[in-house]
Amino acid sequence: MESIYNYSEEMLKEYFIRIGEKPFRSSQIIEWLYRHKIESFDEITNIKKNVIEAVKRDFYIPQLDCVTRQISKDGTNKFLFRLSDGNLIETVLMHQEYGYSVCVTTEVGCNMDCQFCASGLRKKIRNLETDEIVLQILCVSKLADVRVSNVVIMGIGEPFDNYENVIRFMKLINHPLGLEIGARHITVSTCGIVPKIYEYADFDLQVNLAISLHAPNNKIRNELMPINKAYPIEELIQAISYYIHKTNRRVTIEYILIKGLNDTIACADELATLLHGLNVYVNLIPYNEVKGKPYERSTPDSRLAFFDWLKKRRINVQLRKEQGADIDAACGQLRSKHLQ
Ligand code: SAH
């Protein structure tokens with residue numbers, strides 16, 4: 001028996017051909033699973049009983065077990081889910097002007113070891129399977145009774161370290177007969193796994209890319225993000241530039257502002273030079289302090305000064321307002337607390 005949410009449309013087509021059925025059954029199944037969100041194959045009304053019986057022999061419809069749900073004053077919801085093997089993951093639902101946005105987790109724990117991040121406090125145990133990423137969207141949209149219009153792959157884990165499942169997940173939630181989440185409304189964020197950025201440039205969906213840069217040079221980036229030792233900042237910028245030329249899409253640069261470390265005007269100026277001429281959008285994010293980590297949030301004044309400097313140097317930039325700070329919504333915080 002296999003989980004049906006691990007199957008891409010192509011895999012389902014092959015399956016139906018294999019059992020002597022019409023390949024278009026895959027579209028029907030996708031509509032039932034993702035649009036009607038059925039919990040049992042018996043709810044299907046437009047496919048013959050004997051075909052349903054075959055599907056029931058070969059597949060099951062999995063569920064996630066919701067352990068806690070916290071609701072922030074600003075409406076942000078944070079869910080802690082238990083997977084079938086007992087591991088815990090977190091998913092965040094945010095309400096924005098343009099609709100509901102979900103932030104999904106891609107791995108149990110993370111090995112990237114970014115020094116400021118709560119996720120890295122717990123080593124990676126395993127990748128999430130496609131179905132476990134898909135179910136985060138389905139469960140949240142059912143539990144909160146909302147239509148999810150935006151997805152950010154920015155929860156715990158490094159998505160490009162679980163590349164195949166993440167790609168399959170994006171195709172499944174984009175499917176026009178299912179959740180129909182527009183490719184332009186899906187964003188994957190990476191700490192900078194350079195070979196995967198080149199691979200992703202060839203991916204045929206119009207999905208977005210965000211890069212966790214957080215530093216304007218190798219010295220600071222090496223201190224904050226060990227991945228920079230494998231793929232230094234020049235190689236990363238080169239990969240971003242290739243991606244932009246290949247896809248013609250603007251890349252988001254994430255930059256968390258940490259007091260005294262990367263938030264000076266000198267850093268802003270170096271960042272502007274680094275990004276000069278690239279079609280990017282810089283998101284300045286206030287750092288969420290993490291217990292046990294030495295880093296502090298930058299002051300509102302230095303955040304504004306940093307922002308103004310980038311503007312002056314003609315960089316596209318925005319100061320991101322934070323959501324869910326009162327419910328540990330920053331990457332890995334809720335899970336970490338629960339495991340203590
Ligand atoms: N591994 C991927 C996606 C997960 S992290 C990546 O690195 O992009 C999602 C974003 O949250 C990243 O930009 C990450 O650097 C940032 N982040 C992690 N901990 C944070 C914290 N305590 N405060 C603010 N942002 C944080």
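Above this note sits the structure.
Residues numbered from 1 in each chain as written. Predicted model: local features only at pLDDT ≥ 70, side-chain atom pairs only at ≥ 80, totals over all residues. Heavy atoms only, no water.

Would you mind showing me how to read the pairing of strand E11 (residues 208-212) here?
Side-chain positions along a regular strand alternate between the two faces of the sheet. The buried fraction of E11 is high, at five of five residues. Every second residue of E11 is oriented toward a common face, with Asn208, Ala210 and Ser212 on one face and Leu209 and Ile211 on the other, all of them buried. Examined bridge by bridge, strand E10 (residues 186-190) and E11 share four bridges and lie parallel to one another. Within E11, the residue paired with Thr190 across the bridge is Ile211. Where E11 and strand E12 (residues 251-257) come together, three bridges link them in parallel fashion. Each residue of the ladder has a partner; that of Ile211, found in E12, is Ile253. (Buried < 20%, exposed > 50% of the residue type's maximum accessible area, 1.4 Å probe, protein only. Helix = DSSP H or I, 4+ residues; strand = E, 2+ residues; numbered from the N terminus. Pairing = 2+ DSSP bridges.)

What should I look at first to understand the packing of helix H4 (residues 130-143) against helix H5 (residues 163-174) in this one?
The description of two helices packed together rests on the angle between their axes and the distance between the axes. The N-to-C vectors of H4 and H5 enclose an angle of 40 degrees; their axes lie 9 Å apart at closest approach. In terms of orientation, H4 and H5 fall into the oblique class. Between H4 and H5 lies a crossing whose hand is right-handed. Between H4 and H5, the residues in contact are Thr130, Ile133, Val134 and Ile137 and Asn165, Val166, Arg168, Phe169, Leu172 and Ile173, respectively. Classifying every residue of the contact of H4 with H5 by side-chain character gives seven nonpolar, two polar and one charged. (Axes fitted to C-alpha atoms, helices over the stretch in contact; angles between N-to-C directions. Parallel < 35°, antiparallel > 145°, perpendicular 65-115°, else oblique. Left-handed = near helix turned anticlockwise from the far one by under 90°. Contact = heavy atoms within 4.5 Å. Nonpolar A, V, L, I, M, F, W, Y, C, P; charged D, E, K, R; others polar.)

Sorry if this is basic, but what is going on with unusual backbone geometry here?
Leave glycine aside and you will find that most residues have negative phi; peptide bonds, for their part, are mostly trans. Non-glycine residue Glu180 carries a positive phi angle of around 55 degrees. Relative to the helices and strands, Glu180 resides in the loop between H5 and E10. The class of Glu180 is partly exposed, set by a relative accessible area of 43%. We note that Asn248 has phi near 65 degrees; this positive angle belongs to a residue other than glycine.

I'm lost on the packing of helix H10 (residues 265-275) against helix H11 (residues 300-312) in this one. Help?
Where H10 meets H11, the axes come as close as 9 Å, and the angle between the chain directions of the two elements is 30 degrees. The orientation of H10 with respect to H11, classified from their angle, is roughly parallel. The hand of the H10/H11 crossing is right-handed. Facing Ile265, Cys267, Ala268, Asp269, Leu271 and Ala272 of H10, the residues of H11 in contact are Ala305, Phe306, Trp309 and Leu310. Taken together, the residues that form the contact of H10 with H11 break down as nine nonpolar, no polar and one charged.

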